[in-house]
Amino acid sequence: MTRESMEYDVVIVGGGPSGLAAATRLRQLALAEERELSVCVIEKGSEIGAHILSGAVFEPRALNELLPDWKERGAPLNTPAGEDRFLYLTERKAFKLPTPPQMHNAGNYIISLGNLCRWLGEQAEALGVEIYPGFAAAEVLYDEAGAVKGVATGDMGLEKDGRPGPNHQPGVELHARQTIFAEGCRGSLTKGLFQRFRLREGVDPQTYGLGIKELWEIDPAQHQAGLVVHTVGWPLDQSAYGGSFLYHLENNQVAVGFVVGLDYRNPHLSPYEEFQRFKQHPSIRPTFEGGRRIAYGARALSEGGLQSIPRLTFPGGLLVGDTAGFLNVPKIKGSHTAMKSGMTAAEAVFELLTASETGGREALSYTQKLRATWLWEELNRVRNIRPSFRWGLWGGMAYSALDTFVLRGKAPWTLNHHEDHRALGKAADFPKIDYPRPDGVVSFDRLSSVFLSNTNHEDGQPSHLRLKDPATPIRINLAEYDAPEQRYCPAGVYEIVAESTGPRLQINAQNCVHCKTCDIKDPTQNIDWVVPEGGGGPNYPNM
Ligand SMILES: Cc1cc2nc3c(=O)[nH]c(=O)nc-3n(C[C@H](O)[C@H](O)[C@H](O)COP(=O)(O)OP(=O)(O)OC[C@H]3O[C@@H](n4cnc5c(N)ncnc54)[C@H](O)[C@@H]3O)c2cc1C
Ligand code: SF4
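Quick look at the structure, then.

This part covers unusual backbone geometry. At the junction of Gly 55 and Ala 56, the peptide bond is cis and its omega measures out at 5° in the coordinates. Residue position: Ala 56 is located in the loop between β2 (39-43) and β3 (57-58). One non-glycine residue, Ile 332, lies in positive phi territory at about 50°. Along the chain, Ile 332 falls in the loop between β20 (317-319) and α7 (335-355). By relative accessible area, Ile 332 is classed as partly exposed at 33%. Positive phi is not limited to glycine here, since Ala 483 has a value of about 50°.

Shown next, in the form of structure tokens:
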């Protein structure tokens, strides 16, 4: 069967803050200059927001620039950030530390980023953007000269072995003069673009964190709308980078999450169990006792910062948001920078498309424009903070204080990053970690958690978690690393099962919450995460 095709001026892959900001800005410019410009956004989630998971304390700087009247338009920014608390935890005690300047949140809002995206989607549609949720871009299309000419959505109704089943429907080709990739952290198509156009040559590897989050409705007596709490220290040891966040939203809700840097070394570590253990801390547990857990999910975040940003443009397209890596780690914020990169890309693309009718050209001015924005200056100032945590928690904190207060981000050096999967040590060289059993009150097992993510993938489709070599999980991962995928996957997708023929890796792909950690942390890079059928994955209500 041949694929149908649709023609647009601009196709945007991903309906997160970066993609929706790009779409909105493109249409604003087209309307202001009374030009025809067709813009389409495709999103793999069943609706806009279904796959969005963030903290989130939101800095409204980019939104102020994009839609200055957001308040009148009813943007869901309802809870101004109030008190900031920064705690260092030992196993039994909590010590208040001075809040680092990047973590001051006056003027920011505690939000659900999923809900903000739903609202942004409505604004974009009102300006004439076509939005297609439930469609996953599975393939990049190239023209004869090798330039990107759009994307194709995946086929529907394939059998497990990849052959067309009785309900087979071929994917659709979306052709565009420019394609904007806004896939978020570790974009699956972006990975191929990195290779094809050698976009990562001369820059540091990207480094990542895994964020696991729950949404709770808590006892009103424990609730303080606007309170922002961050912790470092216990339960992680000094060598692993990470910490927690607790954000008190409206309606007695608290967003609680735990982020672990994926450059951790001990293969016995389980980010999920660390999070569950964290909630047992005497200073944290009372917040959740008597409350109700409403939602659960996980997502990787890009932590490399400025030195890990790849070349952003290539013939026919460009990268925006977390798929390029614009997150500001010391602030733990990437939504405002994602939006700003999307808006800047839109301005460059609009200029290019109005200057020439042909497609396949490279929007080179995007990078120049970006370098002149506050985003670049913001990332430049903090570029050495995340890599300094290679010296452990206290080494990193001491360097960060020096970098922030004395050097003011103007150090004449730049610290480098290494690939996360290479950091993983051998199982025999590290102590096993004895995690407590969940108590069912504040801590829970993985499967009951995944249930709260409303994850669903159509039965019978080929697995979207592909092994390059089926023997590696047992021969190398189990033998040398004690199968770390059993522990780093926050959805329990990977299980080693004992069979009469020996151990076997079982992949419960239907539980995957699309966090992308396996694609990042697998020590042999044997796991390739590709998009499943459109609409599959979590269905987050308001994460
Ligand atoms: C635990 C956690 C806490 C965070 N806390 C904060 C915070 O407090 N404040 C803050 O500002 N930032 C925070 N961030 C970071 C922030 O969420 C991201 O920087 C931001 O979401 C990036 O926006 P994006 O548009 O680049 O990508 P995303 O928000 O990831 O959106 C990408 C979209 O593209 C879709 N997509 C991906 N691939 C395809 C494909 N091939 N086809 C179709 N659709 C596709 C995805 O489903 C998704 O909807 C946090 C992140 C995490 C994980
Ligand atoms: S299978 Fe991979 S992407 Fe899916 S939830 Fe597990 S670690 Fe995340």
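Let us keep going from here.
This paragraph deals with the sheet that holds strand β16 (residues 242-248). Reading across from one edge, β6-β5-β15-β16-β17-β14-β18 is the order of the seven strands in this open sheet, with mixed pairing throughout. The sheet terminates laterally at β6 (94-97) and β18 (292-302), the two strands that pair on one side only. Across the sheet, the axes of successive neighbouring strands diverge by a mean angle of 20°, strand direction being ignored. Of the strands in this sheet, β5 (84-89), β6 and β15 (228-233) are in contact with helix α10 (residues 392-406), which crosses β15 at around 125°.

Ordered in space as β3-β7-β4, the three strands form an open sheet in which the pairing is antiparallel. Two strands bound the open sheet, and with one partner strand each, they are β3 and β4 (79-80). Here two bridges tie β3 to strand β7 (residues 109-110), and the two strands are oriented antiparallel to one another. When the sheet's bridge partners are listed, Val 57 is paired in β7 with Ile 110.

A word on the site of ligand 2. The immediate surroundings of ligand 2 are formed by 13 residues, with Cys 489, Cys 512, Cys 515, Lys 516 and Cys 518 found nearest. Along the lines of polarity and charge, the residues of the shell around ligand 2 split into 11 nonpolar, one polar and one charged.

Tallying each qualifying case throughout the model produces 34 salt bridges. The residue Arg 25 makes a salt bridge to Glu 347 at a minimum N-O spacing of 2.9 Å. Taken together, the residues span a long stretch of sequence, with Arg 25 in helix α1 (residues 17-32) and Glu 347 in helix α7 at a distance of 322 residues. According to the relative accessible area criterion, Arg 25 is buried, its value standing at 15%. Overall, the relative accessible area of 28% leaves Glu 347 in the partly exposed class. Glu 273 is the partner of Arg 446 in a salt bridge, and the nearest nitrogen-oxygen pair spans 3.8 Å. You can see Arg 446 sitting in helix α12 (residues 446-451) and its partner Glu 273 sitting in helix α5 (residues 271-278), a full 173 residues away along the chain.

We now examine the site of ligand 1. Around ligand 1, the surrounding shell holds 36 residues, and the nearest of these are Ser 18, Glu 43, Ser 54, Val 57 and Asp 322. Contact distances for ligand 1 include 3.3 Å between an oxygen atom and a backbone N or O atom of Pro 17. Here an oxygen atom of ligand 1 sits 2.7 Å away from a polar atom, N or O, in the side chain of Ser 54. Relative to its unbound accessible area of 1000 Å², ligand 1 is 98% covered by the protein chains. Elements with a minimum of two residues in the shell around ligand 1: α1, β2, β18 and α7.

All told, the structure shown has 13 aromatic pairs when counted by the stated rule. Where Phe 197 meets Phe 314, the ring centres are 5.0 Å apart and the plane angle is 15°; that geometry is what we call stacked. With Phe 197 in the loop between α4 (188-196) and β14 (208-217) and Phe 314 in strand β19 (residues 313-314), the pair connects residues that are 117 residues apart, well separated along the chain. Taken individually, Phe 197 and Phe 314 each receive the classification buried, so the pair is uniform in this respect. Ring pairs connect the aromatic residues Tyr 142, Phe 181, Phe 197 and Phe 314, which therefore count as one cluster. A cation over an aromatic ring shows up here: Arg 200 above the ring of Phe 194, its NZ or CZ 4.9 Å from the ring centre. Of note, Lys 521 hangs over the ring of Tyr 264, and the distance from its end group to the ring centre comes to 4.4 Å.

The N-to-C vectors of α7 and helix α9 (residues 374-381) enclose an angle of 140°; their axes lie 10 Å apart at closest approach. Here α7 is positioned oblique relative to α9, judged by the angle of their axes. For the element pair α7 and α9, the recorded crossing hand is left-handed. Counted together, His 336, Thr 337, Lys 340 and Ser 341 of α7 and Trp 374, Leu 375 and Glu 378 of α9 form the full contact between these two elements. Split into classes, the residues belonging to the contact of α7 with α9 amount to two nonpolar, three polar and two charged.

Quick look at helix α3 (residues 113-126) now. Between its terminal C-alpha atoms α3 stretches 20 Å, which fits the 20 Å expected from 14 residues at 1.5 Å a residue. Burial within α3 is extensive, with 10 of its 14 residues counted as buried. By the burial criterion, the buried members of α3 are Leu 113, Gly 114, Leu 116, Cys 117, Arg 118, Trp 119, Leu 120, Gly 121, Gln 123 and Ala 124. On the buried face of α3, the contacting elements are α1, β3, α2 (61-66), β8 (130-133) and α7. Two residues or fewer past α3, Gly 128 is found with a positive phi of approximately 105°.

Let us now look at the pairing of β6. One ladder, built from four bridges, connects β5 with β6; its direction is antiparallel. In the strand pairing of β6, Leu 87 is matched with Lys 96. Connecting β5 to the next strand, β6, in antiparallel fashion are four residues.

Reading guide: rules and limits
- Residues numbered from 1 in each chain as written.
- Chains lettered and ligands numbered in written order.
- Predicted model: local features only at pLDDT ≥ 70, side-chain atom pairs only at ≥ 80, totals over all residues.
- Heavy atoms only, no water.
- Helix = DSSP H or I, 4+ residues; strand = E, 2+ residues; numbered from the N terminus.
- Buried < 20%, exposed > 50% of the residue type's maximum accessible area, 1.4 Å probe, protein only.
- Pairing = 2+ DSSP bridges.
- Axes fitted to C-alpha atoms, helices over the stretch in contact; angles between N-to-C directions.
- Contact = heavy atoms within 4.5 Å.
- Near = heavy atom within 4 Å.
- Nonpolar A, V, L, I, M, F, W, Y, C, P; charged D, E, K, R; others polar.
- Salt bridge = Lys/Arg side-chain N within 4 Å of Asp/Glu carboxyl O.
- Polar contact = N/O pair within 3.5 Å; in protein donor to acceptor, adjacent residues only side chain to side chain.
- Areas by Shrake-Rupley, 256 points an atom, 1.4 Å probe, with all protein chains shown as cover.
- Phe/Tyr/Trp six-rings, centres within 6.5 Å; stacked < 30°, edge-to-face > 60°.
- Lys NZ or Arg CZ within 6 Å of the ring centre and 35° of its normal.
- Parallel < 35°, antiparallel > 145°, perpendicular 65-115°, else oblique.
- Left-handed = near helix turned anticlockwise from the far one by under 90°.
- Expected span 1.5 Å × (residues − 1).

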